[in-house]
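# Examination of the molecular architecture
Read off the chains here:
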Amino acid sequence: LEGRVLRDAAGISEAYLEKETAKLRKLLRQRYELYYKNCPPENLKDRIVLLVDDGIATGTTLLASIELIREQQPHWMVVAVPVASPHVVRSIQSAVDEFVCLLTPEDF
């Protein structure tokens, strides 16, 4: 209900959402086929995982990735980034075993 209220307030039609969702699903399928080339993803159970990003602004994409990886029960998970917003550092740190970040500028 909340999503519908926000969508209606923003003037976004159901048809537009369906069209954009279909486009994104197609793109994700293409990327999946490109990256995995019909090979299953690696099993991460009991492995050390190093997740690297080019920087963290809101952290939502990275937190979603961490959640997906955690479902596979890795032994240890490290996130490494060159720069991050200071507002998201604590949430990332609490979600992984080790967090490496070179810079957290206040004006990020």
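The following paragraphs examine the structure supplied in this document. In this text the structure is predicted, and so the values were computed from the model without any measurement. (Residues numbered from 1 in each chain as written. Predicted model: local features only at pLDDT ≥ 70, side-chain atom pairs only at ≥ 80, totals over all residues. Heavy atoms only, no water.)

### Brief notes about a nonpolar patch on the surface
A cluster of nonpolar side chains, contributed by Tyr-32, Leu-34, Tyr-35 and Tyr-36, occupies part of the molecular surface with about 460 Å² of accessible area. Examined against the element boundaries, Leu-34 turns out to sit in helix α2 (residues 14–36). (Patch = residues over 30% accessible without salt bridge, like charges linked within 9 Å, V, L, I, M, F, W, Y side chains within 5 Å. Areas by Shrake-Rupley, 256 points an atom, 1.4 Å probe, with all protein chains shown as cover. Salt bridge = Lys/Arg side-chain N within 4 Å of Asp/Glu carboxyl O. Helix = DSSP H or I, 4+ residues; strand = E, 2+ residues; numbered from the N terminus.)

### Some details on unusual backbone geometry
For residues other than glycine, phi is negative in most cases, and the peptide bonds are mostly trans. In this structure, Asp-46 is a non-glycine residue whose phi angle is positive, near 65°. One non-glycine residue, Gln-73, lies in positive phi territory at about 60°. Looking at the secondary structure, you find Gln-73 in the loop between α3 (60–70) and β2 (76–83). Since its relative accessible area comes to 46%, Gln-73 is described here as partly exposed. (Buried < 20%, exposed > 50% of the residue type's maximum accessible area, 1.4 Å probe, protein only.)

### Looking at the nonpolar core
Membership of the largest hydrophobic core comes to 16 residues, with the highest contact counts inside it found for Ile-56, Leu-62, Ile-66, Val-79, Ile-92 and Phe-99. For this core, the elements supplying multiple residues, two or more each, are β1 (48–52), α3, β2 and α4 (89–95). Leaving out residues up to four positions away in the same chain, Ile-66 has contacts with Leu-51, Met-77, Val-79, Ile-92, Ala-95 and Val-96. (Core = buried A, V, L, I, M, F, W, Y, C linked by side-chain atoms within 4.5 Å. Contact = heavy atoms within 4.5 Å.)

### So, the pairing of β1
Alternating positions in β1 separate cleanly, Val-49 and Leu-51 being buried on one face and Ile-48, Leu-50 and Val-52 remaining unburied on the opposite face. Direction of pairing for β1 relative to β2: parallel, over a ladder of five bridges. Bridge pairing links Ile-48 to Trp-76 in β2. As a crossover connection, the stretch from β1 through α3 into β2 is right-handed. (Pairing = 2+ DSSP bridges. Right-handed = clockwise from strand over helix to strand, strands pointing away.)

### Some remarks on the sheet that holds β2
Within a sheet, neighbouring strands are paired by backbone hydrogen bonds and run either parallel or antiparallel to one another. Spatially, three strands are ordered β1-β2-β3 in an open sheet, and the strand pairing comes out parallel. Lying at the two open borders of the sheet, with one neighbouring strand each, are β1 and β3 (98–103). Ignoring strand direction, the axes of neighbouring strands in this sheet form an average angle of 15°. Where β2 lies against β3, five bridges are found, and the strand directions are parallel. The residue bridging Ala-80 from the neighbouring strand is Val-100, located in β3. (Axes fitted to C-alpha atoms, helices over the stretch in contact; angles between N-to-C directions.)

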